[in-house]
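These are the residues of each chain, in order.
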Amino acid sequence: MAVDREQLQNILKKANQRARQQAKQSGASIYYIKNNRRIREDASGNKFEIIFDSQGKRMEREYIE
């Protein structure tokens, strides 16, 4: 059975929603890239941008869209 582009987009959207739901239920953060920025979203929905300083130290700051 061939899947067209629209069907594939719908399948991926549902999979994304399910993964977010499972992460939230387990208290885990999800990580993704948005607008060329690394984002960590905690189970409460708080978003943080992940940045690295010149020495490679990982830091986070509140992400405001």
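Check the entry above for the structure.
Position labels on residues start from 1 in each chain and follow its written sequence. This being a predicted model, a pLDDT of at least 70 is required before a residue's local features are given, and a value of 80 or more before pairs of side-chain atoms are given or counted; all residues contribute to the totals for chains, interfaces and linings. Note that water and hydrogens are dropped before the side-chain values are worked out from all heavy atoms of the structure.

**Student:** Which residues make up the overall build of the protein chain, and what values do they have?
**Tutor:** In terms of regular secondary structure, the protein chain is built from 1 helix and 4 strands. The linear arrangement of helices and strands in the protein chain, starting from the amino end, is α-β-β-β-β. Atoms counted for the radius of gyration: C-alpha only. Globule rule: 2.2 Å times residue count to the power 0.38. For the protein chain, whose C-alpha radius of gyration is 15 Å, the value lies well above the compact-globule estimate of 11 Å for 65 residues. Across the 65 residues in the protein chain, those meeting the buried criterion constitute 14%. Across the protein chain, the fraction of contacts at a sequence separation of at least 24, relative to all contacts at a separation of at least 6, is 10%. A 1.4 Å probe and the Shrake-Rupley method give the accessible areas. Residues count as covered only by the protein chains that appear here. If you sum the accessible surface of the protein chain, you get close to 5,600 Å²; carbon and sulfur atoms cover 47% of it. When charges are counted, Lys and Arg contribute as positive and Asp and Glu as negative, whereas His and the chain ends are disregarded. The atoms used to mark charge sites are NZ of Lys, CZ of Arg, CG of Asp and CD of Glu. Of the charged side chains in the protein chain, 14 are positive and 9 negative, and the gap between their average positions amounts to 2 Å. Under the DSSP-based scheme used, a helix requires at least four consecutive residues in state H or I and a strand at least two consecutive residues in state E, with every element numbered from the N terminus. Relative accessibility under 20% of the residue-type maximum defines a buried residue, over 50% an exposed one, and the middle range a partly exposed one, all with a 1.4 Å probe and only protein chains included. Pairs of residues are marked as contacts when any of their non-hydrogen atoms sit within 4.5 Å.

**Student:** So, the pairing of strand β2 (residues 37–41): which residues are in play, and what are the values?
**Tutor:** Any two strands between which DSSP finds at least two bridges are classified as paired. When strand β1 (residues 30–34) meets β2, the two strands line up antiparallel, connected through 5 bridges. Paired with isoleucine 33 across the two strands is arginine 38, which belongs to β2. Note: β2 against strand β3 (residues 47–52), 4 bridges, orientation antiparallel. Within the sheet, the bridge partner assigned to isoleucine 39 lies in β3 and is glutamate 49. From the end of β2 to the start of β3, which pair antiparallel, there are 5 residues, and glycine 45 there has a positive phi angle of about 95°.

**Student:** How would you sum up unusual backbone geometry? Please name residues and give values.
**Tutor:** Non-glycine residue asparagine 35 carries a positive phi angle of around 55°. Its location among the elements puts asparagine 35 in the loop between β1 and β2. Even without being a glycine, asparagine 36 presents a positive backbone phi close to 60°. Structurally, asparagine 36 is set in the loop between β1 and β2.

**Student:** Go over the environment of glutamate 41, please, and point to the residues and values.
**Tutor:** Topologically, glutamate 41 is positioned in strand β2. Residue class for glutamate 41 comes out buried when judged on its relative accessible area of 12%. In contact with glutamate 41, other than residues within four places in its own chain, are Arg20, Ser29, Ile30, Tyr32, Asn46 and Lys47. Separated by 3.3 Å, the side chains of glutamate 41 and arginine 20 make a polar contact. Any N or O atom pair separated by 3.5 Å or less is treated as a polar contact, with the protein-specific requirement of one donor-capable and one acceptor-capable atom, and with residues adjacent in sequence counted only for side-chain atom pairs.

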